[in-house]
Amino acid sequence: MAKIAPFEAHRNRYEQWFEDNRFAYEAEIEAVRLLLPKGGKGLEVGVGTGRFAVPLGVFTGLEPSPAMAEIARAKGVNVVEGVAEALPFSAEEFDFILMVTTICFLDDIDAAFKEAWRVLKPGGHVVIGFVDRESPLGQKYETARSKNVFYREATFYSVPEVLAHLEGNGFGEFAFAQTIFRDLSEIQGPEPVKEEYGEGSFVVIRAKKISC
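Undergrad: Looking at this model, I keep getting lost on the packing of aromatic side chains. Mind explaining?
TA: One pass over the structure, following the stated rule, counts 15 aromatic pairs. Summarising the aromatic geometry, the rings of W17 and F18 are spaced 5.2 Å apart at their centres and angled 85° between planes, so their arrangement reads as edge-to-face. The exposure class of W17 is partly exposed, given its relative accessible area of 27%. Look at F18 and you get buried, because its relative accessible area is 6%. Relative to Y25, the ring of F18 has its centre 4.9 Å away and its plane inclined at 70°; by these criteria the two rings are edge-to-face. Here F18 and Y25 have matching classes, each one buried. An aromatic cluster of at least three residues, connected via ring pairs, comprises F7, Y14, W17, F18, Y25, F52, F105, Y141, F150, Y151 and F156. A cation over an aromatic ring shows up here: R22 above the ring of F23, its NZ or CZ 4.3 Å from the ring centre. Against the face of F94 rests K41, its NZ or CZ located 5.0 Å from the ring centre.

Shown next as structure tokens:
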């Protein structure tokens, strides 16, 4: 069952995070942009309020929360309501799939990656942005999870864990980007974006559909 209750009840609080952490948000966008395929038909799974889809030019989204979907639609995103584990799309329909801060809220990460593989065209890519559990921010979120309305039911993953799930579901040829190198309270200006992972708390992985 999709974990939509906190997003239904606190969508304004969700939106406010991006206003309060503008430079971190902008850095996350740039990290995703670095690895996002240029052109082609894309889908953001877990589009939320369109905070990433709109600036990145992805105007088809999937979202289980009606309250969040309403905001995304107002921003021009074509939102289909549904869940990542059962995508309501045809096989080989998309050139790329984007998931940003989505995997921690999935009920079944393997089912979601299997569905992503199914709806991607041959050679298509999935691009995943997430907070690395092993990073300083990931550890902070993990420790305070019970006190956070959004992360209370979340499952945080390390980079090796995400890679293992991707490899187990037919993805490979990985590329990486990272950002958020300081505590959020210390970020008062533009935050750098680097390739690879292991330093930044926000990691982006691009993986190619390569096998059954």
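Anyway, onward from the coordinates.
Undergrad: Sorry, what's going on with unusual backbone geometry here?
TA: Backbone phi values are negative for most residues with the exception of glycine, while trans is the configuration of most peptide bonds. Although it is not a glycine, E173 adopts a positive phi angle of roughly 50°. Secondary-structure assignment places E173 in strand β6 (residues 171-179). Residue class for E173 comes out exposed when judged on its relative accessible area of 56%. Backbone geometry at I180 places phi at a positive 65°, although glycine is not the residue there.

Undergrad: Where do I start with the nonpolar core in this structure?
TA: Within soluble globular proteins, side chains that are nonpolar tend to cluster in buried spots. Membership of the largest hydrophobic core comes to 42 residues, with the highest contact counts inside it found for V32, L56, L98, I180 and V204. With seven residues, the top contributor of residues to this core is helix α3 (residues 22-35). Counting 30 residues, the second largest nonpolar core, distinct from the first, contains F113, Y157, F171 and A207.

Definitions and cut-offs
Residues numbered from 1 in each chain as written. Predicted model: local features only at pLDDT ≥ 70, side-chain atom pairs only at ≥ 80, totals over all residues. Heavy atoms only, no water. Phe/Tyr/Trp six-rings, centres within 6.5 Å; stacked < 30°, edge-to-face > 60°. Buried < 20%, exposed > 50% of the residue type's maximum accessible area, 1.4 Å probe, protein only. Lys NZ or Arg CZ within 6 Å of the ring centre and 35° of its normal. Helix = DSSP H or I, 4+ residues; strand = E, 2+ residues; numbered from the N terminus. Core = buried A, V, L, I, M, F, W, Y, C linked by side-chain atoms within 4.5 Å.

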